[in-house]
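Geometric and topological summary
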Amino acid sequence: MASPTVNVVRYSALTFGIAYGWYHRKTLQAAYDKHKVEHAIHGRERLIKEAKEAYKRQKEARKDTCQFYSASYCLFIDFYALVIMDPEDPRFDLEKVLAKYEKAAS
């Protein structure tokens, strides 16, 4: 049978260990949450940057195509170059969609 002093030390150490574990987990969780938010922000910034670059490339390609033609002709080309992406639309053409993605990839 343990003496009362040993029991006090034992339960004090147990209480201290539980309190330390709770505090340590709280600090680790806060650091993880902060890192997760920063990672999400950087991911969104990267996506926005890629979208801006793609838009810029698309705009430059359109300029190169349209510099030899009148503005009305370029609008005519853009109107008929649209690809319908909704599969529920009766005018949907899978071959045109695939051709557009192949052209964009190259």
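Identification of the chain as ATP synthase F(0) complex subunit e, mitochondrial from Amanita muscaria is taken from an unreviewed UniProt entry. Quoted verbatim from the Subcellular location (unreviewed entry) field of the UniProt record, the comment on the chain reads "Mitochondrion inner membrane".

Moving on, we come to the overall build of the chain. Of regular secondary structure, the chain possesses three helices and zero strands. Here the chain displays about 10200 Å² of accessible surface, and carbon together with sulfur accounts for 63% of that area.

Another aspect to go through is helix α3 (residues 94-105). Here α3 is twelve residues long and its end C-alpha atoms lie 17 Å apart, about the 16 Å a rise of 1.5 Å per residue gives. Counting buried positions over the twelve residues of α3 gives one, only a small fraction of the element.

A word on the confidence of the model for the chain. When the pLDDT values of the chain are averaged, the result is 82; 79% of them are 70 or greater. Within the chain, helix α2 (residues 71-81) has the poorest average pLDDT of any element, 51, and helix α1 (residues 4-66) the best, 91.

Mapped onto the elements of the fold, A99 is located in helix α3. Placed 16 residues apart in sequence, A99 and V83 show a C-alpha to C-alpha distance of 9.8 Å.

Further remarks concern a nonpolar patch on the surface. On the surface, Y11, L14 and I18 cluster together into a nonpolar patch covering about 350 Å² of accessible area. Within the secondary structure, I18 is located in helix α1. Judged by relative accessible area, I18 falls into the exposed class, the value being 57%.

All right, on to the pattern of salt bridges then. Inspection of the entire model under this criterion finds one salt bridge. Between E50 and R46 there is a salt bridge, with the nearest N and O atoms lying 3.2 Å from each other. Residue E50 and its partner R46 are located together in helix α1, separated by four residues, close to a single helical turn. Judged by its relative accessible area of 47%, R46 falls in the partly exposed class.

Conventions adopted
For every chain, the first residue of the written sequence is number 1, and numbering continues from 1 onward in sequence order. Predicted model: local features are reported for residues with pLDDT of at least 70 only, side-chain atom pairs are reported and counted for 80 or more only, and whole-chain, interface and lining totals are derived from all residues. Just so you know, side-chain values use all the structure's heavy atoms and leave hydrogens and water out. UniProt positions are given in the numbering used here, feature names are shortened, and annotations may be inferred rather than shown by experiment. Only DSSP runs of H or I covering at least 4 residues are called helices, and only runs of E covering at least 2 are called strands; the numbering of each starts at the N terminus. To measure how exposed things are, a 1.4 Å probe is used in the Shrake-Rupley method; for residues, cover is taken only from the protein chains shown. Here the expected span of a helix is defined as 1.5 Å times the quantity of residues minus one. Accessibility here uses a 1.4 Å probe with only protein chains present; expressed as a share of the type maximum, an area under 20% marks a residue as buried, one over 50% as exposed, and anything in between as partly exposed. The pLDDT value tells you how sure the predictor is about a given residue, anywhere from 0 up to 100. Each patch is built from residues lacking any salt bridge and having more than 30% relative accessible area; the joining distance is 9 Å for like charges and 5 Å for nonpolar side chains (Val, Leu, Ile, Met, Phe, Trp, Tyr). Salt bridges are counted wherever a side-chain nitrogen of Lys or Arg sits within 4 Å of a carboxyl oxygen of Asp or Glu.

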